[in-house]
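Analysis of the macromolecular model
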Amino acid sequence: MKACRTIAEFREALEPRRTGSIGLVPTMGALHEGHLSLLRAARAENETVVMSLFVNPAQFGDGSDHAGYPRDDERDLALAEEAGVDLVFAPMTDEMYPPGFQTWVDVTDLGSTLEGRFRPGHFRGVATVVLKLFAIVGPNHAYFGQKDAQQAEVVRRMIRDLALEIELRVLPTVRDSDGLALSSRNALLSPEERERALAFPRALATKDADAAHALLAASNGLVVDYIEVADFDPPVLAGAVRVGSTRLIDNVPLGGDNQ
Ligand code: AMP
């Protein structure tokens, strides 16, 4: 496995591999089983697997959330290698946002609902960095988690709207045995907060917005930003709650299985 910090170095490393299919797994690091499930799917379907590792400042609202995001590059690189990744693209911020950067991709309506209402500009940051990664990597397949259902929907819309020749793969949410969706942010929860956070997946598992609101109102001080049905592919009951200073998002697909 090779890790590259610059676009030029990465392109040079990828060039000889462009004869076969390329799978891209974009991540912000602090890898867990959710990320690994995407890497495994990419490994099974492509000649070359690329993982990007970039904590994208443009998708964070305030500096402290970005600065406080868990980082452990050394561990991430070891896990990526174990999962069979061929190339890691781990740029510095300046490489992705060079001085004078001013070109943005905005998935306007979809990007301003649900998460977008609470995190203005978040999906503009996501769409822009994902399009840039697509331009750098040129993947045949791109892998995203159902955990971030609105993000997957934004990327799907962008691929359609801009006629990108990329197949989107969305993999089921990986959960801990107690039901909490794996998230890099879970590392920021104290044991007591983590216990309280379990009310969130339990509420979503009702698959009913009113029932979920009622359960959370009766529970232990989680602050609900929203719990709403979203008409995505597939439709989901999606939500965001705050546990202390940590914000968690999750969703359950409606109908079918309970991923
Ligand atoms: P992140 O590093 O949080 O930006 O996540 C990178 C990718 O992993 C995104 O496509 C996420 O949706 C996906 N992901 C994060 N958590 C999970 C999870 N628990 N199950 C499945 N995919 C996940």
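Check the entry above for the structure.
So, here is what we can say about the structure in this document. (Residues numbered from 1 in each chain as written. Predicted model: local features only at pLDDT ≥ 70, side-chain atom pairs only at ≥ 80, totals over all residues. Heavy atoms only, no water.)

Take the sheet that holds strand 1 (residues 2–4) next. The strand order across the open sheet built from six strands is 1-4-3-2-5-6, with neighbouring strands paired in parallel fashion. Strand pairing shows two members of the sheet lacking a second neighbour, strand 1 and strand 6 (167–171), which therefore form its edges. The sheet shows a mean angle of 25° between the axes of neighbouring strands, direction not considered. Examined bridge by bridge, strand 3 (residues 48–53) and strand 4 (residues 87–89) share three bridges and lie parallel to one another. The residue bridging Ser 52 from the neighbouring strand is Phe 89, located in strand 4. The strands touched by helix 2 (residues 33–45) within the sheet are strand 2 (22–27), strand 3, strand 5 (141–145) and strand 6, with strand 5 carrying the most contacts at an inclination of about 155°. (Pairing = 2+ DSSP bridges. Helix = DSSP H or I, 4+ residues; strand = E, 2+ residues; numbered from the N terminus. Axes fitted to C-alpha atoms, helices over the stretch in contact; angles between N-to-C directions. Contact = heavy atoms within 4.5 Å.)

Inspection of the entire model under this criterion finds 21 salt bridges. Residues Asp 225 and Arg 242 are paired through a salt bridge, measuring 2.7 Å at the closest nitrogen-oxygen approach. With Asp 225 in strand 7 (residues 223–230) and Arg 242 in strand 8 (residues 236–243), this residue pair connects regions lying 17 residues apart in the sequence. By relative accessible area, which is 35% here, Arg 242 ends up partly exposed. (Salt bridge = Lys/Arg side-chain N within 4 Å of Asp/Glu carboxyl O. Buried < 20%, exposed > 50% of the residue type's maximum accessible area, 1.4 Å probe, protein only.)

A few words now on unusual backbone geometry. Looking along the chain, the bond that leaves Asp 233 and enters Pro 234 is cis, with omega of 0°. Residues other than glycine seldom take positive phi values, yet Ala 30 does so here, at roughly 50°. Phi is positive for Ala 163, close to 55°, though the residue is something other than glycine. Examined against the element boundaries, Ala 163 turns out to sit in the loop between helix 8 (149–161) and strand 6.

What follows covers the environment of Tyr 69. Relative to the elements of secondary structure, Tyr 69 occurs in the loop between helix 3 (63–67) and helix 4 (73–82). Here Tyr 69 falls in the buried class, since its relative accessible area comes to 9%. A sequence separation of 116 residues divides Tyr 69 from Arg 185, and the C-alpha atoms of the two residues are 7.4 Å apart. What Tyr 69 contacts, discounting residues up to four positions off in sequence, is Met 28, Val 55, Phe 60, Ser 184 and Arg 185.

Take the sheet that holds strand 8 next. Taken in spatial order, the three strands line up as 7-8-9 in an open sheet, and their pairing is antiparallel. Two strands lie at the open edges of the sheet, namely strand 7 and strand 9 (246–253), each paired on one side alone. The mean inter-strand angle of the sheet, taken between neighbouring strand axes irrespective of direction, is 10°. Here strand 8 pairs with strand 9 via eight bridges, running antiparallel. When the sheet's bridge partners are listed, Leu 237 is paired in strand 9 with Val 252. Where helix 11 (residues 209–217) meets the sheet, its contacts fall on strand 7 and strand 8, and the angle it forms with strand 7 comes to roughly 165°.

Turning our eyes to something else, we now look at the layout of surface pockets. Empty space within the second largest pocket amounts to approximately 180 Å³. What lines the second largest pocket is a set of 16 residues, among which Leu 53, Phe 54, Val 55, Arg 71 and Pro 91 lie closest to the centre. Tallied by class, residues from the lining of the second largest pocket come to eight nonpolar, three polar and five charged. (1 Å grid on protein atoms, 1.4 Å probe; cavity = no way out; pocket = protein on both sides within 12 Å on 5 of 7 lines; lining within 4 Å. Points joined across faces, edges and corners; volume = space filled by probe spheres on them. Nonpolar A, V, L, I, M, F, W, Y, C, P; charged D, E, K, R; others polar.)

A few words on the site of the ligand. In the region of the ligand, 17 residues are neighbours, and Met 28, His 35, Asp 148, Val 174 and Leu 182 sit closest. Taking Met 28, its main chain carries an N or O atom lying 2.9 Å from an oxygen atom of the ligand. Between an oxygen atom of the ligand and a side-chain N or O atom of Asp 148, the distance comes to 2.6 Å. Notes on the ligand: free accessible area 490 Å², of which the protein chains cover 93%. With three residues, helix 2 is the single largest residue contributor to the shell around the ligand. Classifying every residue of the shell around the ligand by side-chain character gives eight nonpolar, seven polar and two charged. (Near = heavy atom within 4 Å. Polar contact = N/O pair within 3.5 Å; in protein donor to acceptor, adjacent residues only side chain to side chain. Areas by Shrake-Rupley, 256 points an atom, 1.4 Å probe, with all protein chains shown as cover.)

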